[in-house]
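The chain contents come next:
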Amino acid sequence: MTTMLRQILIHARNSMSHSLRSGSGVVFIVLTILAGLALANLAFAPIELGFIELEQFRDNAAQGIGVVLSLATLQQGDPDSIVGRMESGELVEMTMWARYLVLEKPMLLSITVLLLGLVLPLLLPLGTYTAISGDVQHRSIRYLLPRTTRSSLLLGRLLGCLLLAWMLIGALMAAIVLYLGIVLSLDSWDELIPWGLRCTGALLFLSFPYVCLGILCSTICRVPLVALFASAGVAVAVPVIAFSARAAWEPLGNLLYLLPWGYSHQLLSPDAQTVSMAMLYCLGHGLIFISIAHHQFRKADL
Amino acid sequence: MAISDRPGGLTALAVLNGFFALASGAGALQRFIDESRVGDHLAGELIPGRWIRRRIEALVESGIEQVDLQLLGAIGIVAALALALSVWGLLARKKWAGRWCSTVGAISLGTVSVLAMIWLPHSMIRGSGISIVRQLFYPLFMLFLVQVIFRKDLVR
């Protein structure tokens with residue numbers, strides 16, 4: 001057991017070091033940070049450049065977030081009818097939830113994290129697509145397998161990819177919180193730091209199933225680019241198919257739950273029990289993906 | 001054909017440096033054109049085009065001097081040349097052309113971003129302050145890669 005743990009840690013360290021030296025790793029790091037900061041810019045610019053008054057922005061943001069939350073929780077109707085139902089007091093829970101994110105918590109941080117939650121599933125495959133398929137394609141995996149077990153190799157690579165993704169998310173969130181605290185100063189540090197930590201935790205949990213999905217695709221596909229397109233394609237296709245199919249038959253909207261799209265927003269819920277359940281779902285989803293990847297990798301002819 | 005032992009990260013870095021060299025060169029050219037137009041505006045000549053006139057008026061109102069625009073353009077050109085040279089240096093794994101031209105390019109890019117933030121009006125920076133953080137990220141990350149991660153690969 002200790003030997004396996006040691007091997008997993010060695011594979012994780014090598015995976016991270018290889019990520020920094022490989023083209024995919026460099027592109028993953030640069031794109032994740034640049035896209036993350038671009039999203040933050042998108043959220044901050046209207047206030048910072050004075051395009052809109054703070055109170056008006058708050059009202060618009062509360063309404064917009066309410067609509068997004070309603071769509072994510074598969075409420076009936078199109079965005080226009082959802083706005084009408086929110087104004088008539090029908091969707092009280094969604095309205096309260098949006099107001100919690102905008103009025104009770106640092107608004108710009110909440111908006112940035114919600115945007116990151118939409119974009120991260122598309123960026124994370126960049127950090128995982130070569131994890132297994134890269135070695136399989138170059139046949140270098142044949143030199144590794146006599147010295148280690150397939151399980152420790154897979155788990156080590158998973159740990160390496162996860163740690164790299166978590167470090168990037170941590171650095172990105174630290175930069176955003178520091179900028180909000182030092183430059184914009186709309187919220188006090190007492191509000192920013194706890195909410196920043198909670199949002200970072202939410203993104204770390206959210207990244208787990210998507211990293212596991214990337215590893216699964218990297219295990220199934222032997223060509224790295226195919227693995228990249230598969231994992232990013234699945235992440236995009238699930239919500240597109242779910243919302244399209246829902247228009248034909250309402251229950252098909254539940255296809256959204258094939259990936260964390262259906263519950264990822266609950267990681268920012270005001271209710272602690274809802275948050276705990278969403279965290280458990282994320283872990284469960286990830287464990288399912290990695291179990292399939294493990295099964296596939298153990299019986300693969302390499 | 002021999003298989004290259006060049007790390008993939010160096011190739012990716014070379015491509016990114018090429019992209020930033022083009023962007024920096026275009027930015028520098030824009031500064032020189034702006035400088036010339038500001039001179040014409042101050043001499044009382046009518047600048048053609050409503051958008052260009054507004055841009056030049058914003059520059060004059062911000063209090064920026066022509067020499068500042070020339071300096072921004074010159075540093076931008078240095079960054080573009082150093083980054084363009086570093087593309088070849090990184091691909092050929094050269095110490096001077098790869099490692100040190102990247103370093104000069106990174107420092108010049110960072111300097112241009114900081115000076116632009118201090119001197120140019122907000123409307124011209126096209127974004128909030130965090131876009132400056134975004135512009136500073138790549139030079140810093142490039143410095144880390146060429147001076148730490150790929151230090152032993154760029155020795156020829």
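About the cut-offs
Along each chain, numbering runs from 1 in the same order as the chain's sequence is written. All chains are assigned letters beginning at A, and all ligands numbers beginning at 1, according to the order in which they are written. This being a predicted model, a pLDDT of at least 70 is required before a residue's local features are given, and a value of 80 or more before pairs of side-chain atoms are given or counted; all residues contribute to the totals for chains, interfaces and linings. The side-chain quantities take in all heavy atoms of the structure and omit both hydrogens and water. Strands here are runs of E lasting at least two residues and helices are runs of H or I lasting at least four, both read from the DSSP assignment and numbered beginning at the N terminus. Three labels apply to residues, based on accessible area from a 1.4 Å probe with only protein chains included: buried if under 20% of the type maximum, exposed if over 50%, partly exposed otherwise in between. The contact criterion used throughout is that any non-hydrogen atoms of two residues lie within 4.5 Å. Note that accessible areas follow from Shrake-Rupley with a 1.4 Å probe, and for residues the cover is restricted to the protein chains shown. One less than the residue count of a helix, multiplied by 1.5 Å, gives the span that helix is expected to have. Buried area counts how much accessible surface, traced with a 1.4 Å probe, disappears from two parts once they are put together, with both parts' losses summed. The working definition used for a salt bridge is a side-chain nitrogen of Lys or Arg within 4 Å of a carboxyl oxygen of Asp or Glu. In the analysis that follows, any N or O atom pair within 3.5 Å is treated as a polar contact, provided that within protein one partner can donate a hydrogen and the other can accept it, and provided that, for residues neighboring in sequence, both atoms belong to side chains. When residues are grouped by polarity, Ala, Val, Leu, Ile, Met, Phe, Trp, Tyr, Cys and Pro land in nonpolar, Asp, Glu, Lys and Arg in charged, and all others, Gly among them, in polar. Each axis is a line fitted through C-alpha atoms, and for a helix only the stretch in contact is used; angles between axes span 0 to 180 degrees, taken between their N-to-C directions. Angular relationships are summarised with four words: roughly parallel below 35 degrees, roughly antiparallel beyond 145, roughly perpendicular across 65 to 115, and oblique for the angles in between. Crossing handedness is defined as follows: a turn of the near helix away from the far one that is anticlockwise and smaller than a right angle gives a left-handed crossing, while the clockwise case is right-handed. Without a salt bridge and with relative accessible area above 30%, a residue can belong to a patch; like charges are then joined within 9 Å and nonpolar side chains (Val, Leu, Ile, Met, Phe, Trp, Tyr) within 5 Å. Any two rings among Phe, Tyr and Trp, with Trp reduced to its six-membered ring, count as a pair given centres within 6.5 Å; such a pair is stacked if its planes are under 30 degrees apart, edge-to-face if over 60, and tilted if neither. What counts as a disulfide here is a pair of cysteine sulfur atoms lying within 2.5 Å.

Caption draft 1: Structural view of the overall build of chain B. Helix and strand counts for chain B come out as six helices and zero strands. For chain B, the α and β elements follow one another from N to C terminus as α-α-α-α-α-α. Along the three orthogonal principal directions, the C-alpha set of chain B runs to about 65 × 30 × 20 Å. Out of the 156 residues belonging to chain B, those deemed buried represent 46%. Excluding contacts between residues fewer than 6 apart, the proportion of contacts in chain B whose partners are at least 24 apart in sequence is 75%. Carbon and sulfur atoms make up 66% of the accessible area of chain B, which totals about 8200 Å².

Caption draft 2: Molecular detail of helix 3 (residues 54–72) of chain A. Residue and element names in this part refer to chain A. The end-to-end C-alpha distance of helix 3, which contains 19 residues, comes to 26 Å, matching closely the 27 Å that a straight helix rising 1.5 Å per residue would cover. Three or more residues of helix 3 are buried, namely F57, R58, A61, A62, I65, G66, V67, L69, S70 and A72. One or two residues past the end of helix 3 sits L74, with phi positive at roughly 60 degrees.

Caption draft 3: Quick peek at the interface of chain A and chain B. Taken residue by residue, the interface counts 20 residues in chain A and 20 residues in chain B. Of the roughly 1700 Å² buried between chain A and chain B on both sides combined, carbon and sulfur atoms contribute 77%. One can count one salt bridge joining chain A with chain B. In this structure, R21(A) and D153(B) form a salt bridge, with 2.8 Å as the shortest nitrogen-oxygen distance. The tally of links between chain A and chain B comes to three residue pairs in polar contact (both at pLDDT 80 or more). Looking at the side of chain A that touches chain B, the elements with two or more residues in it are helix 1 (2–21), helix 2 (23–48) and helix 10 (150–184) of chain A. Considering each element in turn, the side of chain A that touches chain B owes the most residues, 14 residues, to helix 2 of chain A. Of the residues that constitute the side of chain A that touches chain B, the class distribution is 15 nonpolar, three polar and two charged.

Caption draft 4: Molecular detail of helix 3 (residues 66–92) of chain B. Taking 1.5 Å per residue as the helical rise, helix 3 of chain B with its 27 residues ought to reach 39 Å, and the 39 Å between its terminal C-alpha atoms agrees with that figure. Downstream of helix 3 of chain B by one or two residues, R93(B) has phi in the positive range, about 60 degrees.

Caption draft 5: The pattern of salt bridges, seen in detail. Residue and element names in this part refer to chain B. On inspection of all chains with the given rule, the structure shows six salt bridges over all chains. Here R31 makes a salt bridge to D34, at a shortest N to O gap of 3.9 Å. Placement of both R31 and D34 in helix 1 (residues 8–42) is noted, with a separation of three residues, approximately one turn of the helix. Residues R31 and D34 agree in their burial class; the two are buried.

Caption draft 6: Region of interest: the packing of helix 1 of chain A against helix 10 of chain A. Residue and element names in this part refer to chain A. Two elements in contact, helix 1 and helix 10, have axes whose closest approach is 7 Å; the angle formed by their N-to-C orientations is 50 degrees. Here helix 1 lies oblique to helix 10, going by the angle between them. As helix 1 packs across helix 10, the resulting crossing turns out to be right-handed. Residues M4, Q7, I8, L9, H11, A12, S15, M16 and S19 of helix 1 touch helix 10, and the partners they reach there are S151, S152, L153, L155, G156, R157, L159, G160, C161, L163, L164 and M167. Considered class by class, the residues forming the contact of helix 1 with helix 10 number 12 nonpolar, eight polar and one charged.

Caption draft 7: Region of interest: a nonpolar patch on the surface. Residue and element names in this part refer to chain A. Nonpolar side chains collect at one region of the surface, where L178, I182, V183, W189, I193 and L197 lie side by side and expose about 600 Å² of accessible area between them. Contributing elements (two or more residues each) for the nonpolar patch: helix 10 and helix 11 (189–220). The residue I193 is located in helix 11 in this model. Relative accessible area serves as the criterion here: at 43%, I193 is assigned to the partly exposed category.

Caption draft 8: Geometry of the environment of V102(A). Relative to the elements of secondary structure, V102(A) occurs in helix 5 (residues 92–104). Put simply, V102(A) and L258(A) are 156 residues apart on the chain and 29 Å apart in space, counted from C-alpha to C-alpha.

Caption draft 9: Structural context of the packing of aromatic side chains. All names here are of chain B. Counted according to the given criterion, the structure contains eight aromatic pairs over all chains. Measuring from centroid to centroid gives 5.4 Å for F137 and F141, while their planes differ by 15 degrees, and the two rings are stacked. In this pair, F137 and F141 both sit in helix 6 (residues 129–149), four residues apart, roughly one turn of the helix. With respect to class, F137 is no different from F141; both count as buried. Site record: aromatic cluster; members linked through ring pairs are F19, F20 and Y138.

Caption draft 10: Just the state of the cysteines, in detail. Residues and elements named next belong to chain A. In the structure shown here, the tally under the stated rule is zero disulfides over all chains. C199 carries a free sulfur, and the closest cysteine sulfur to it, the one in C282, is 14 Å from it. We classify C199 as buried; its relative accessible area is 0%. The structure places no disulfide on C217, whose sulfur is separated from the nearest cysteine sulfur, that of C221, by 5.7 Å.

Caption draft 11: A look at unusual backbone geometry. Positive phi, close to 65 degrees, is recorded for R139(A), a residue that is not glycine. Assignment of secondary structure puts R139(A) in the loop between helix 8 (133–137) and helix 9 (141–144). In this structure, R93(B) is a non-glycine residue whose phi angle is positive, near 60 degrees. Looking at the element boundaries, R93(B) is found in the loop between helix 3 and helix 4 (95–119).

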